[in-house]
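Now for the letters of each chain:
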Amino acid sequence: MSTSDHDRLLIIDFGSQVTQLIARRLRELKVYCEIHPFNHVDDAFLTKFAPKAVIFSGGPASVFTDGAPMPPKSVFELGVPILGICYGQQVMMQCLGGKVERGHGTAEFGRAYVTPEARKLALLQGWFEADREQVWMSHGDHVSEIAPGFEVYGTSPNAPFAITADTERDFYAVQFHPEVHHTPNGAKLYENFVRLAGFTGDWTMGAYREEAIKRIRDQVGSGRVICALSGGVDSSVAAVLIHEAIGDQLTCVYVDHGLMRKGESAQVVGMFREHYNLPLIHADESELFLGKLEGVSDPETKRKIIGGLFIDVFERHAQEMGGADFLAQGTLYPDVIESVSFSGGPSVTIKSHHNVGGLPDRMNMQLVEPLRELFKDEVRALGRELGLPESFIGRHPFPGPGLAIRCPGEITRAKLDILREADAVYIDQIRKHGLYDEIWQAFVAILPVRTVGVMGDGRTYDYACALRAVTSVDGMTADYYPFSHEFLGETATRIINEVPGINRVTYDITSKPPGTIEWE
């Protein structure tokens, strides 16, 4: 059984920065869905994808701009339920005969309250148990006239058509964003929508494991696979899954690029050699990576250098082991989403990912990426299905480029040593206070500035560092962890006392968006 055998929901993306949250809400309901940019969806795509339902995302554009993002007209002829969200509602009305007007005082950004109309709607089951529902609005333009066949089921002060529907065709449209946390009952709306569309909730990790094993075997055949093992959850789950599928046809290569945390290389290699009977090469390539990164400050250049060197190292080891037909990676769905920009569309590439974008033409290998359709929490669930230790599955994410992107500015061995020590103290503090499992990701970034300090009776001129800790479900959005001032004070004191080279500690309280989790 492949993903095409599941009931599939298509999310047509018009450029909203929270489109990924729609997918997360649906995956939580065990519904398989995919996000595709509006300009990748045409008649041929719809025929091949064969969605059981469609959702139009929000987006930053206006239907009045030249070349405004639009879906293919044939999507309305599929005979499947459609849900339009924010800009998606405006697009639906524009395409089906309604009217949209520019803001002119009716824009809404932030918390709003929707009140119901008297008529009932199955989409709203469980809503309006009180007199109104809190929602999150983010729109300038607004619908001024609904399309023929639609009726109004909810209004807000600045959105008289906040909830509309054509129940004959199963077309639904809302002006707000039910996927975000600030629409507290939004998940119920998605649950109602997929129930109306007839989804059975057949997307489980147990089923995915069996499907993935079959796909790996079908793709690889009798070929040999070399797996890029970073020691993180993603590549480790990918390695164990592929090994379960093809056994000794797999060889893992753990590349120590000199950018790992304190003691991490020994820990990762030890764990795999003790718990998993799979071939593992420990490649110490720290001199190669650090030499190529010397003098480099630009974050995108760092990522590209590291990504290119990973490929070079894997290629060399593949040749040394007599050749390999495939390179396996732990690429995740958010990596793919963040690295794709609409061609001429409204969204932008957030950052490149070292493991997204394919292989150089010179390499006679194909990619095996069994986690490419999964979010991080789904990878953890798959890891449990595969029997990985909970202590390992629950580890905080660690990026492939390692400490290179936690060292803004030029990378030096001395700065990396300082960073490792500070990070070790910080994580020790988090564990000591019993906070590790409450936090999605925590780390220290060493800043490219030196500050004046006083230690004892002497003047210091050392580095400043920033502590980062966030809560998240899938890494697509995140908020800073609310440490107590006592914790922060204690941690800062330990770092300054125990780590030579740092005399100032700050705490990063930026959410994602507008920031990213990592500093580079």
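Residues numbered from 1 in each chain as written. Predicted model: local features only at pLDDT ≥ 70, side-chain atom pairs only at ≥ 80, totals over all residues. Heavy atoms only, no water.

(A) Spotlight on the sheet that holds strand β14 (residues 280–284). Spatial strand order, β14-β13-β12-β15-β16: five strands in an open sheet with parallel pairing. Looking at the sheet topology across the chains shown, the edges are occupied by β14 and β16 (366–368). For this sheet, the mean angle separating the axes of adjacent strands, direction not counted, is 30 degrees. One ladder, built from three bridges, connects strand β15 (residues 326–328) with β16; its direction is parallel. Opposite L327, over in β16, you have L367 as the bridge partner. (Pairing = 2+ DSSP bridges. Helix = DSSP H or I, 4+ residues; strand = E, 2+ residues; numbered from the N terminus. Axes fitted to C-alpha atoms, helices over the stretch in contact; angles between N-to-C directions.)

(B) Here's a closer look at the UniProt feature "binding site: ATP" (unreviewed entry) in the protein chain. Within this structure's numbering, the places UniProt gives as "binding site: ATP" (unreviewed entry) are S230, G231, G232, V233, D234, S235 and S236. Taking the annotated residues in turn, G231, G232 and V233 line the second largest cavity. By the element assignment, S230 lies in the loop between β12 (225–229) and α6 (233–246). For S230, a relative accessible area of 30% translates into the label partly exposed. As for its placement among the helices and strands, G232 is situated in the loop between β12 and α6. (UniProt positions renumbered as here; feature names shortened; annotations may be inferred. 1 Å grid on protein atoms, 1.4 Å probe; cavity = no way out; pocket = protein on both sides within 12 Å on 5 of 7 lines; lining within 4 Å. Buried < 20%, exposed > 50% of the residue type's maximum accessible area, 1.4 Å probe, protein only.)

(C) Up close: the side chain of Q441. Take Q441: it is sitting in strand β17 (residues 441–455). Of note is the side chain of Q441, whose polar atom sits 3.3 Å from the backbone oxygen of P397. Ignoring any residue separated from it by four or fewer positions in sequence, one finds Q441 in contact with H396, P397, P399, R406, R468, A469, V470, I517 and E518. (Polar contact = N/O pair within 3.5 Å; in protein donor to acceptor, adjacent residues only side chain to side chain. Contact = heavy atoms within 4.5 Å.)

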